[in-house]
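# Notes for the structure review
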Amino acid sequence: MSDDEADPELLALLRQHFLGKPAADAEPNTGVLQDAEAVYDDSIDVAIDMRSTKAAAQTIHAQMQRKEFSAGSWSSHELHPTPSGPDDEETVAFVFVLDLLNFSFWSDLPDEERFAIEYRGRIWTGYWSLVAALRRALDEANDANGSSNGAAYDAIDGEGDSGIDDASGLDGASTGEAGSVSDGRGVADGGFAGESGSAGESGSAGEVGSSADDGNGADDGNGVESGSDGEHNSGIDETEQAAIPKKRKIAITSPDFWKNEDECTLEILRHVFRSATEEEMPMLAERLDCLRDAGRVLSHHYDGSVANLVRAADGSAVRLVNLLARDFPCFRDEHFFAGRRRPVRLLKRAQIFVADVWACFGGQGFGAFRDIDKITMFADYRVPQILNTLGCLYYSPSLAATISRGALIESGSRWEVQLRACSIWCVELLRREIVKQHPDAKVNAVLIDFFLYDTMKEIEAGGKETVRHHRTRSIWY
Ligand SMILES: Nc1nc2c(c(CN[C@H]3C=C[C@H](O)[C@@H]3O)cn2[C@@H]2O[C@H](COP(=O)(O)O)[C@@H](O)[C@H]2O)c(=O)[nH]1
């Protein structure tokens, strides 16, 4: 914070002093939006093109309308769970572990060699590999139990709908000239990269066994060319592999299991996240740390229960985000930014957890948050990519060159904080523009974010990426 900015805590104290005590349930805010705007104001490497942003707002609104995009789209993704009821504790714990580990899935390897999870006959990469691995572990635990107590997870038909009706839906119906960015890397047709023309599936899934054998190396039968002896390698040697029975009961959604260092080990995680390729899941050791830390905090403060944590927020999305940031170091996504006295709060995984619970439970039960509209976009590496594709975000030449080279950008660096904070502010501007043009629109930053993320995944699946995403290795996203 620069010296001429008012300290929000001091302001709150003064307000309380002069205006009286705030209502008991008044939860001010998370600070994310304010911090993002302040970083945007000081940014020199990332900027927002207002004309493109206005044009993109129109396009996004039109396409969300056309696709009837809503919070309900979340559960229509075939791997996402459907709760058995508004107080389904098992599902809220599933969403927690999902967002505890929802970070860093990118790989520099080609598609057929990158980390991938085989689940029910299909291959999943990126974020969906995490969801698939968790579901596979639950299925196997149920099989090992000889029971089917994971009823919430039994509804997969293997042919689900992405909630996005056609993957080529980015149909050039967009308006304006989103491509008018100075470096010429924008999209000339006014935004959404023309037709993505993919297979209509949201996840990067391939059919097992669908790859053509090019004669170089063995086809491993999983649609993934291993190029070696045709055996899958999960990153653990055969002795270790044999020591872990194939169908074992690994309580992957249980905080008691996470904190038990004898049971929740790196070997077990290697088994849970065993890949259909040679590449191991990125940052496995860090994922183990996150699980153990979260298990300890939940046990210490919330009687070992994710449901209790959500209940402690008492229906406030802001309060839940603040609890996560306060109690769990692994959710405290805050970064130093020169010129500001206090760390900048970006809180990606804390916010996406709240949003996912809201969407998963359809705003009911555990998902009933009266202030969900105060949540911002989740600053990851995919939404900045589509904002740049649309010409809404543009970069200084050196930053643009670094991203297009695929060079690493350090977590917490000035470049990286600008990329993330400006993405948050840009989505806020998109939201304001949509609401200004369509005052009745039922839209918030969460829905715009989900829509943009899904859209970027469709563009990727259709092989239509025009710009790369930035590459940062961190547990934050
Ligand atoms: N901003 C934002 N970032 C998101 C998501 C999601 C998935 N959310 C589901 C819930 C609702 C949506 O409709 C999705 O179905 C993952 N990520 C982030 O992306 C990166 C992974 O990318 P890739 O390697 O390509 O799979 C990684 O940083 C991951 O944390 C999102 O929604 N918003």
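Below: a short report on this structure. Bear in mind the structure is a predicted one, so any value in this text is a computation, not a measurement.

## Notes on the overall build of the chain
- Of the regular secondary structure elements, the chain holds 17 helices and seven strands.
- Residues counted as buried form 57% of the 477 residues belonging to the chain.
- The contacts of the chain with a sequence gap of at least 6 include a subset with a gap of at least 24, amounting to 76%.

## Observations concerning the side chain of H335
- Position of H335 among the secondary structure elements: in strand β5 (residues 334–335).
- Assessed through its relative accessible area of 7%, H335 is described here as buried.
- Of note is the side chain of H335, whose polar atom sits 2.6 Å from the side chain of D333.
- The contacts of H335, once residues within four sequence positions are left out, are P343, V344, L346, G412, V417, R420 and W476.

## A look at the packing of helix α5 (residues 89–100) against helix α13 (residues 348–360)
- Look at α5 against α13: their axes get within 9 Å of each other, and the N-to-C directions meet at 150°. Between α5 and α13, the crossing angle belongs to the class labelled roughly antiparallel. The two elements α5 and α13 meet at a crossing, and its hand is right-handed. Across from T91, V92, V95, F96, D99 and L100 in α5, the residues of α13 making contact are R349, I352, F353, D356, V357 and C360.
- Its residues assigned to classes, the contact of α5 with α13 shows eight nonpolar, one polar and three charged.

## Quick word on the packing of helix α3 (residues 50–66) against helix α17 (residues 445–461)
- At a closest axis distance of 11 Å, the pairing of α3 and α17 adopts a crossing angle of 85°. As summarised for this structure, α3 and α17 are arranged roughly perpendicular, according to the angle between their axes. The residues of α17 that touch α3, namely those facing I60, Q63 and M64, are L447, I448, F451 and L452.
- Of the residues belonging to the contact of α3 with α17, the class tally is six nonpolar, one polar and no charged.

## A look at a negative patch on the surface
- A cluster of acidic residues, D111, E112, E113 and E278, forms a negative patch at the surface.
- Turning to its location among the elements, E113 is positioned in the loop between α5 and β2 (117–119).

## What to know about helix α6 (residues 126–145)
- For α6, built from 20 residues, the straight-helix expectation of 28 Å at 1.5 Å per residue is met to within 8% by its first-to-last C-alpha distance of 29 Å.
- Taking burial as the measure, the 20 residues of α6 include 17 buried ones, the bulk of the element.
- A positive phi of about 70° marks G146, the residue just after α6.

## Quick word on the site of the ligand
- Near the ligand there are 22 residues, and of these N102, K348, R382, D449 and K457 occur at the shortest range.
- The contact in question runs from a nitrogen atom of the ligand to an N or O atom on the side chain of D449, over 2.6 Å.
- Considered on its own, the ligand offers 650 Å² of accessible surface; in the complex 99% of this is hidden by protein.
- Contributing elements (two or more residues each) for the shell around the ligand: α6, α13 and α17.
- No other element matches the five residues that α17 contributes to the shell around the ligand.
- A class-by-class count of the residues in the shell around the ligand yields 11 nonpolar, four polar and seven charged.
- Split by domain, the shell around the ligand shows at least three residues from each of two domains, domain 1 (1–89 + 99–106 + 163–200 + 314–477) and domain 2 (107–162 + 205–281).

## As for the environment of R51
- Examined against the element boundaries, R51 turns out to sit in helix α3.
- Looking at R51, the relative accessible area reads 52%, which means it is exposed.
- Spatially, the C-alpha atoms of R51 and G391 are 9.1 Å apart, while their sequence positions differ by 340 residues.

So, how was this worked out
Numbers given to residues run from 1 along each chain, matching the order in which its sequence is written. This being a predicted model, a pLDDT of at least 70 is required before a residue's local features are given, and a value of 80 or more before pairs of side-chain atoms are given or counted; all residues contribute to the totals for chains, interfaces and linings. To obtain the side-chain values, all non-hydrogen atoms of the structure were used and water was disregarded. Put simply, DSSP marks the helices as runs of H or I at least four residues long and the strands as runs of E at least two long, and each gets a number from the N terminus on. Remark: exposure states derive from per-residue accessible area (1.4 Å probe, protein chains only) relative to the maximum for the residue type, with buried under 20%, exposed over 50%, and partly exposed in between. Throughout, a contact is declared for two residues whenever any of their heavy atoms are within 4.5 Å. Between N or O atoms, a polar contact is any pair within 3.5 Å; within protein, one atom must be a potential hydrogen donor and the other a potential acceptor, and residues adjacent in sequence are included only when both atoms are from side chains. Note on geometry: axes are lines fitted to C-alpha atoms, helical ones only across the stretch in contact, with angles between N-to-C directions running from 0 to 180 degrees. Here roughly perpendicular refers to angles of 65 to 115 degrees, roughly parallel to angles under 35, roughly antiparallel to angles over 145, and oblique to all remaining angles. Throughout, a crossing is termed right-handed when the near helix is turned clockwise from the far one, and left-handed when it is turned anticlockwise from it by less than a right angle. Under the scheme applied, nonpolar residues are Ala, Val, Leu, Ile, Met, Phe, Trp, Tyr, Cys and Pro; charged residues are Asp, Glu, Lys and Arg; polar residues are all the others, including Gly. For patch building, the residue pool is restricted to those with more than 30% relative accessible area and no salt bridge; the joining distance is 9 Å between like charges and 5 Å between nonpolar side chains (Val, Leu, Ile, Met, Phe, Trp, Tyr). Computed with a 1.4 Å probe, the accessible areas rest on the Shrake-Rupley method; for each residue, only the protein chains presented here act as cover. A pair is scored as a salt bridge if a Lys or Arg side-chain nitrogen falls within 4 Å of a carboxyl oxygen belonging to Asp or Glu. When charges are counted, Lys and Arg contribute as positive and Asp and Glu as negative, whereas His and the chain ends are disregarded. By convention, the charge on Lys lies at NZ, on Arg at CZ, on Asp at CG and on Glu at CD. The span one expects for a helix is its residue count, reduced by one, times 1.5 Å. Note on definitions. A residue lies near a molecule or strand when any single heavy atom of the residue is within 4 Å of it. For each domain, the first and last residues come from an automatic or database assignment.

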